Amino acid sequence: MNKERPHILVLPEDDANRQLANGFHRRVDWDRQRRMQVLPVAGGWNEVLSLFVSDHIRLLELWPSRFMVLLIDHDNDPQRLMRALKKIPNHLRDRVFVLGVLSEPEDLKPAFQLPLDEIGAELAEECRGDAGEKWGHNLLKHNASELDRLRQQLFPILFAGEAQAY
Amino acid sequence: MQNHFRPGGRGVYDSRVIRRLYVNNYRCLENFELPVAGKQSVLLIGKNGSGKTTVGRVLRIFQRIAQGTNRVGELVKPRELARQRSDAPMRFELEVQLNGQIYSYTLVFEFPKGFKELRVQEEGLKVDGHPVYTRELAQVHIVRPGEVQGPSFRIDWHLVALPIIQDETQGDPLFVFKQWLGRMLVLRPVPTGMRGASEHDDETLQPLPFVSNYGAWFSGLIAHAPSAYSKIDTYLKQVMPDLKDIQNPTVGEGSRSLLVQFSNKQGTISLPFQSLSDGEKCFMVCALVLATADVFKPLLCYWDEPDNYLALDEVGFFALALRKAFESGGQFIGTSHNPEAIRQFSDETTLLLFRKSHLEPTVIRPVSELQVTGDLVGALIRGDVEPQ
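Residues numbered from 1 in each chain as written. Chains lettered and ligands numbered in written order. Predicted model: local features only at pLDDT ≥ 70, side-chain atom pairs only at ≥ 80, totals over all residues.

Trainee: What exactly am I supposed to notice about the overall build of chain A here?
Mentor: A count of helices and strands for chain A gives seven helices and four strands. In chain A, the order of α-helices and β-strands from amino to carboxyl end is β-α-β-α-β-α-β-α-α-α-α. In terms of overall dimensions, chain A is globule-like: its C-alpha atoms have a radius of gyration of 15 Å, near the 15 Å expected for 166 residues. Structurally, chain A occupies a C-alpha span of about 40 × 35 × 25 Å along its principal axes. For chain A, buried positions account for 43% of its 166 residues. (Helix = DSSP H or I, 4+ residues; strand = E, 2+ residues; numbered from the N terminus. Rg over C-alpha atoms; globule rule 2.2 N^0.38 Å. Buried ≥ 20, exposed ≤ 12 C-beta atoms within 10 Å, placed from the backbone.)

Trainee: Hey, could you run me through the nonpolar core in this one?
Mentor: Most often, soluble globular proteins keep nonpolar side chains buried together rather than apart. Among the nonpolar cores identified, the biggest contains 103 residues, and Cys286, Ala287, Leu288, Val289, Leu290, Cys301 and Ala321 of chain B are the most heavily contacted of them. Ala287 of chain B has contacts with Ile232, Tyr235 and Leu236 of chain B, leaving out every residue within four places of it along the chain. By size, the runner-up hydrophobic cluster in this structure holds 42 residues, among which are Ile8, Leu60, Val96 and Val101 of chain A. (Core = buried A, V, L, I, M, F, W, Y, C linked by C-beta atoms within 7 Å. Contact = placed C-beta atoms within 7 Å.)

Trainee: Looking at this structure, how should I read the sheet that holds strand 12 (residues 243-247) of chain B?
Mentor: Strand pairing in a sheet relies on backbone hydrogen bonds, with the paired strands running either antiparallel or parallel. Residue and element names in this part refer to chain B. Pairing is antiparallel in the open sheet, where three strands are placed in the order 12-15-16. Edge positions in the sheet fall to strand 12 and strand 16 (267-272), since each of these pairs with one other strand and no more. If you compare each strand with its neighbour and ignore which way they point, the axes differ by 20° on average. The pairing of strand 12 with strand 15 (residues 259-264) spans four bridges and is classified as antiparallel. (Pairing = 2+ DSSP bridges. Axes fitted to C-alpha atoms, helices over the stretch in contact; angles between N-to-C directions.)

Trainee: Any chance you could explain the pairing of strand 3 (residues 41-45) of chain B here in plain terms?
Mentor: Every regular strand shows the same layout, with side chains that alternate between the two sheet faces. Residues and elements named next belong to chain B. Among the five residues that make up strand 3, five are buried, leaving the element largely enclosed by the rest of the structure. By the alternation rule, side chains of strand 3 split into Ser41, Leu43 and Ile45 and Val42 and Leu44, which are all buried. Relative to strand 18 (residues 331-335), strand 3 runs parallel, the two sharing four bridges. In the sheet register, Leu43 faces strand 18, and the bridge partner there is Gly334. Bridge analysis of strand 3 against strand 19 (residues 350-354) gives three bridges, and the strand direction is parallel. Among the inter-strand pairings, Leu44 is bridged to a residue of strand 19, identified as Leu351.

Trainee: Is there a simple way to explain the interface of chain A and chain B in this structure?
Mentor: Each side of the interface is counted separately: chain A has 21 residues, and chain B has 19 residues. For the side of chain A that touches chain B, the secondary-structure elements that each account for two or more residues are helix 1 (15-26) and helix 5 (116-128) of chain A. In terms of residues, the side of chain A that touches chain B owes the most to one element, helix 1 of chain A, which gives six residues. Among the residues making up the side of chain A that touches chain B, the classes are represented as six nonpolar, five polar and 10 charged. (Nonpolar A, V, L, I, M, F, W, Y, C, P; charged D, E, K, R; others polar.)

Trainee: Is there a simple way to think about helix 4 (residues 214-224) of chain B in this case?
Mentor: Every α-helical turn comprises 3.6 residues, leaving residues that sit three or four positions apart pointing alike. Within helix 4 of chain B the residues assigned to the buried category are Tyr214, Gly215, Ala216, Trp217, Phe218, Ser219 and Leu221 of chain B. Taken together, the buried residues of helix 4 of chain B touch strand 11 (197-199), helix 5 (228-239), strand 14 (255-257) and helix 6 (278-295) of chain B.

Trainee: What should I look at first to understand the pairing of strand 19 of chain B in this one?
Mentor: All names here are of chain B. Extensive coverage of strand 19 is indicated by the burial of four of its five residues. Bridge count between strand 19 and strand 20 (residues 363-366): four bridges; the pairing is antiparallel. Counterpart to Leu352 in the pairing with strand 20 is Arg365.

Here is the structure:
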C-alpha cells in the first residue's frame, strides 16, 4: 500500500463485518486492490471508536491521503451513528465514514439468501454501477448520506470509471 | 449463485471446476470428501498433521497421471494405505465440470497378499454419465458412441490406463480431461531451490510443486501466451513499485536466464532471479499463477501455504489477489496457518481439517458449520476450533 497516494482503511467491529468488507474488497478492480485494506476486527462498536480515537486520528493527521471507514453495527439504536460521528474531529470529517447494518450483519444473510462475503461483493457491484437494490434494503438504507459521500470521494479510488448513483 | 458467477455483470462463466473429490484409505484421508463444489476459492486450515498437504498430494497424483506417469508404484506406495490397512482398497474419485460437461474419473488400487506394490482394481472415465472407458484389473473396455461393443485390451495391472489410451482429437473427452488435469497448478514453492535459468527444450507450462523450474515455466508461459507478460508486469509493479521489467536473455546456446531490473531516480540495477529474496520469488510465482489463471480457464490451483516467506503487511493482499484471480473461472485452494491469510476468507470458504489422533481419520467442515466463539483466529490460537 502506497501511503502517499489515496488509500482506504476499513476498521470492522467484528468478524461478520470483516466478511462483508472482504467481499467488497474482492470486487475492487484488481489493479486497485492495494488502495484498500481491511484491518483486524476491533471486537465491538465501542472498541472501534476507542481504537479510532487512540490510534487512527493521529495517523490520519500524519497521512493526508488516508481515508477510513468505520464498520459498526447499529444494534437498532438510532443514536449509534450520531455517537460515532461525534468522535470524528471536524478537520477529519471529510476523510472518515461510518457505515453499518441497522441491526447486525447476520440479519442480512436470510434477507439476501447469501453468505456475508457474497453480500459484500454484491454491494461493491452496486457501487461500481450495476443495478441492484441491496443498499436500499431496510437494514442498509440508513447509510444513504454516508454512502453518497463515499460515492463522491472513495469509489473513484477503487473503481475505474465514474461510479454511478444508485 | 452457487454455480455461476457474474463479475460486474459481464456475463456468465463456467461453474467452478471440482464438483467432487473423494478419497478413501490414503494416508490420513478415509471416506474423505472435499467440500469445494461451487466455490471459487477456499482456504484449508487445521493443525499440523491434519491433512491439508495430503489434499495437495492427491491432486498431484491425478496430475502426474495426466502428465504421463502410469506406473502405480511411482504414484502410490503400500505404506500410504491409511493405517497400513491392506484389506480395503485405496480409492480416488474426481468429478469436474469442464466446458459444461461433467467428467468423472475413478481410480481404485488394492494390495493383495504377496504383492510388493499396489495394483489397479478399478478405473474409469465418464462424461455426463456416459462411460469413455471402463476397467477391472487388467481388462480395459473402450466405449465409443454408437458402437455396441467397443475395443477391449489387457494391460499390466501395475499400470494406470488413462495416460496410455490414445485420444483422437483435441475435442476428444480424454484429451480435454487429461489436458486440464495436467495443467493444474499444485504448488508448494521452496524459494531457495527456484532456478531462473532454463533450456529451450525444457520450457514448460507445468511448474514442479517446489517451482524449482521457475525459469522454464516463465519461458513456457510467455512463449505460449505472450500477452501474459502484461499481467505479470502489472502485478509485480504493484508489489515491487521500483520494478522496471523482467528480461529473459539468451546466455548460451539454448539457454536463458531471468534478469529482474529495478529502477528509480538514482539509477537502474539488474539482478539475476537467484538474487531476489524468498518473498520476492513468491511474488514472482504469484504473478505467473495470476497470468496462468487468465490464459487457461478454468484453472485449478492448489497452493500449500502461499503466505510463507511474506511480510505481514503483504499477506492479506497476496491472498486477496489469488482469490480475485479465480473469480472469473477456475478454483483456488490454499492452505494456511497465517492469521492475515485466514482473515481474507469467509466462514463458508474456510474449511477446517481436524484429526483427533494419528489413529483416526481427517474430518473436514466449513467454519460456517462450527460453533466458533468470537474471532476465528483467536479461537484457533486457543485450540478451541473443533468439529462437533
